[in-house]
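# Notes for the structure review
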Amino acid sequence: MDHDPAVTHTWVLHPDIKSNNDRRLPEPALAEAVALAEALPGLEVKGETIVRLPKAHSGMLFGKGKIQELHDLFDQHEIDLVLIDGPVTPVQQRNLEKAWGVKLLDRTGLILEIFSDRARTSEGVLQVEMAALSYQRTRLVRAWTHLERQRGGLGFVGGPGETQIESDRRAIDDQLVRLRRKLSKVVKTRALHRDARAKVPFPIVALVGYTNAGKSTLFNRLTGADVFAKDMLFATLDPTMRAVELPDGPQVILSDTVGFISDLPTELVASFRATLEEVLAADLIVHVRDISHEGSEEQAADVRTILTSLGVGEGAKQLEVWNKIDLLEPDAQDAVLARAARNDDVLALSSVTGAGIPEFIAAVEAALEGEIIEETLVLPYSDGKKRAWLFERSLVEAERQGEQGFELDLRWKAKHRAQFYAL
């Protein structure tokens, strides 16, 4: 029976390999892989399977019997694309596509496809393109038969020439160089924006977390913005920043970042490092977790691993938010609230219903105001109004008269600092 050519019939496989030391729970891992597939327009998931293996077969990933069984299954359901939730070598990909007569994508390829579809800003597009090219470069190892051709030199003395695979790899390398140059200009612009914010130093609060943890919904509730938020993996890709006036604290800049995911492709981590550097510049990192998800602990561990790889140390000021308590049964919700109450750095809330939001805002204010900043400020003699403002609030520890103006030794909090620079 024919089907709509605009729709790609897809089957999702999760290989549960016993020999892997870092095995994820297969059921939630498969559910996440299906959600990834559903996040890409044009794919229709016709089925899903957990394939349990004692070990991966080097050439085919699966054993002959399982390959034939899956071939018959795919043929029966007229499958066009198979998504394998895990790494697949170029050789395995070529052999499986030939055995099944379908196209195949591994987890990295699927995530790159989603990022490519979602990128909107020039920076995001460049980052995704770089990541995709880096990934493709690794797939040139005898992936297609035409790569075995050689282009010889003129006459008989030109030698065998370069192979097509070498030519393709060189073309990719040249394109990567061009993209890096373009991205470096965008990175410089982002750095200039960061420097400009530092001159008017409103504290930066960065929302981080696993994809689909509810960061964008929380961002929208706090800022009144209309950032795209949906129950979908990687609904937000390009970072968004908005100013927020806290009721009893300073104005802050709230940053919504791209969601993390387990086994995030190394190509993407490298390409998006410039974007994620906003996290390193943050005064407070808010780790948003979907506490209703059965793999919440594993997701949190993945986020912490990526933060560590980015250079976020244990000394960074952080809050943990257990989001989506509205999806829990009453008894489970009471238990989560009780656990959160016993930890000063954990807040339980629902960004959809608003439950726990006032307590979260108070915790953010306390975290930002808690640190005393000591610094010396030089004020021109003409800035008497600002000088008076500082003395009225008893923020001046010592004062000297210098060539450029008043030299003031200050002890103040982020709230007063932000208010002063807003004068």
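Structural notes, computed from the coordinates. Everything numeric here is computed off the predicted structure, so don't read it as measured data.

Let us now look at the overall build of the protein chain. A count of helices and strands for the protein chain gives 14 helices and 15 strands. Sorting the 423 residues of the protein chain into buried and exposed places 47% on the buried side. For the protein chain, long-range pairs separated by at least 24 residues make up 69% of all intrachain contacts whose partners lie at least 6 apart in sequence. Entry remark: accessible area of the protein chain is about 21,700 Å², with carbon and sulfur atoms responsible for 51%.

With that settled, consider helix α4 (residues 107–118). Taking 1.5 Å of rise per residue, 12 residues should cover 16 Å, and α4 covers 17 Å from first to last C-alpha, within 8% of that figure. Across the 12 residues that make up α4, a large majority, 9, are buried. Among the residues of α4, those classed as buried are R107, T108, G109, L110, I111, L112, I114, F115 and R118.

Take the pattern of salt bridges next. In total, this model carries 19 salt bridges according to the counting rule given. R289 serves as the salt-bridge partner of E297, at 3.1 Å between the closest nitrogen and oxygen. When its relative accessible area of 45% is taken as the criterion, E297 is described as partly exposed. For the salt bridge of R393 with E392, the shortest nitrogen-to-oxygen distance reads 3.4 Å. One connected set of salt bridges, linked through shared partners, spans R289, E297, R304, E320 and R339.

Among the nonpolar cores identified, the biggest contains 37 residues, and V12, L83, F260, V279 and L307 are the most heavily contacted of them. Elements with a minimum of two residues in this core: α1 (26–38), β3 (81–84), α4, β7 (204–209) and α10 (296–310). Counting 24 residues, the second largest nonpolar core, distinct from the first, contains L246, V252, L254 and F360.

Let us now look at empty space enclosed by the protein. Any empty space left between atoms is shown by rolling a water-sized probe over those atoms. Taken as a whole and judged by the stated rule, the model has 4 cavities of 30 Å³ or more. Space inside the largest cavity adds up to approximately 150 Å³. Lining the largest cavity we find R24, L25, P28, A29, E32, Y210, S262, H293, G295, E298, Q299 and D302. Breaking the lining of the largest cavity down by element, the ones donating at least two residues are α1 and α10.

Across the sheet, 3 strands lie side by side as β13-β15-β14; this open sheet has antiparallel pairing. Two strands in the sheet have a free side with no partner beyond their single neighbour: β13 (372–379) and β14 (396–401). Ignoring strand direction, the axes of neighbouring strands in this sheet form an average angle of 20°. As paired strands, β14 and strand β15 (residues 406–413) are joined by 5 bridges and run antiparallel to one another. Each residue of the ladder has a partner; that of V396, found in β15, is L410. Those strands touched by helix α13 (residues 384–392) are β13, β14 and β15, and its axis lies near 45° from that of β15.

So, on to the side chain of S350. With respect to the helices and strands, the residue S350 is situated in the loop between β12 (346–348) and α12 (357–369). Judged by relative accessible area, which is 0%, S350 ranks as buried. Among the polar contacts made by the side chain of S350, one reaches the side chain of D326 at a distance of 2.8 Å. Setting aside residues no more than four positions away along its own chain, S350 makes contact with N323, K324, I325, D326, A355 and I357.

All right, on to the layout of surface pockets then. For the largest pocket, the calculated volume is near 530 Å³. Going through the elements one at a time, β1 (8–17) and α4 are the ones with two or more residues in the lining of the largest pocket. For the lining of the largest pocket, a count of residues per class yields 7 nonpolar, 7 polar and 8 charged. The volume enclosed by the second largest pocket comes to roughly 420 Å³. Surrounding the second largest pocket, 21 residues form its lining, L105, E113, Y135, Q136 and R139 being those nearest its centre. Mapped by element, the contributors of at least two residues to the lining of the second largest pocket are α3 (90–100), β4 (103–106), α4 and α5 (122–138).

Time to look at the packing of helix α2 (residues 64–76) against α3. Where α2 meets α3, the axes come as close as 9 Å, and the angle between the chain directions of the two elements is 55°. Relative to α3, the element α2 is oriented oblique. α3 is crossed by α2, and the crossing has right-handed handedness. Taking contact as the criterion, the partners of I67, L70, H71 and F74 in α2 are, on α3, L96, A99 and W100.

Attention now moves to the packing of helix α7 (residues 215–223) against α12. Contact geometry of α7 with α12 gives a least axis separation of 12 Å together with a crossing angle of 80°. What the angle tells us is that α7 and α12 run roughly perpendicular. Here α7 contributes L218, R221 and L222 to the contact with α12, which in turn contributes I357, F360 and I361. Classifying every residue of the contact of α7 with α12 by side-chain character gives 5 nonpolar, no polar and 1 charged.

Residues R178, R181, K182, K185 and K188 make up a contiguous surface patch of positive charge. If you trace the backbone, R178 turns up in helix α6 (residues 164–199). Here R178 falls in the partly exposed class, since its relative accessible area comes to 44%.

Taken as a whole and assessed by the stated rule, the structure comprises 8 aromatic pairs. Through a chain of ring-to-ring contacts, three or more aromatic side chains come together here, namely W11, F62, F74 and W100. Its guanidinium or amino end placed over the ring of F420, K386 lies 5.5 Å from that ring's centre, counting from NZ or CZ.

What counts and how
- Residues numbered from 1 in each chain as written.
- Predicted model: local features only at pLDDT ≥ 70, side-chain atom pairs only at ≥ 80, totals over all residues.
- Heavy atoms only, no water.
- Helix = DSSP H or I, 4+ residues; strand = E, 2+ residues; numbered from the N terminus.
- Buried < 20%, exposed > 50% of the residue type's maximum accessible area, 1.4 Å probe, protein only.
- Contact = heavy atoms within 4.5 Å.
- Areas by Shrake-Rupley, 256 points an atom, 1.4 Å probe, with all protein chains shown as cover.
- Expected span 1.5 Å × (residues − 1).
- Salt bridge = Lys/Arg side-chain N within 4 Å of Asp/Glu carboxyl O.
- Core = buried A, V, L, I, M, F, W, Y, C linked by side-chain atoms within 4.5 Å.
- 1 Å grid on protein atoms, 1.4 Å probe; cavity = no way out; pocket = protein on both sides within 12 Å on 5 of 7 lines; lining within 4 Å.
- Points joined across faces, edges and corners; volume = space filled by probe spheres on them.
- Pairing = 2+ DSSP bridges.
- Axes fitted to C-alpha atoms, helices over the stretch in contact; angles between N-to-C directions.
- Polar contact = N/O pair within 3.5 Å; in protein donor to acceptor, adjacent residues only side chain to side chain.
- Nonpolar A, V, L, I, M, F, W, Y, C, P; charged D, E, K, R; others polar.
- Parallel < 35°, antiparallel > 145°, perpendicular 65-115°, else oblique.
- Left-handed = near helix turned anticlockwise from the far one by under 90°.
- Patch = residues over 30% accessible without salt bridge, like charges linked within 9 Å, V, L, I, M, F, W, Y side chains within 5 Å.
- Lys, Arg positive; Asp, Glu negative; His and termini not counted.
- Charge placed at Lys NZ, Arg CZ, Asp CG, Glu CD.
- Phe/Tyr/Trp six-rings, centres within 6.5 Å; stacked < 30°, edge-to-face > 60°.
- Lys NZ or Arg CZ within 6 Å of the ring centre and 35° of its normal.

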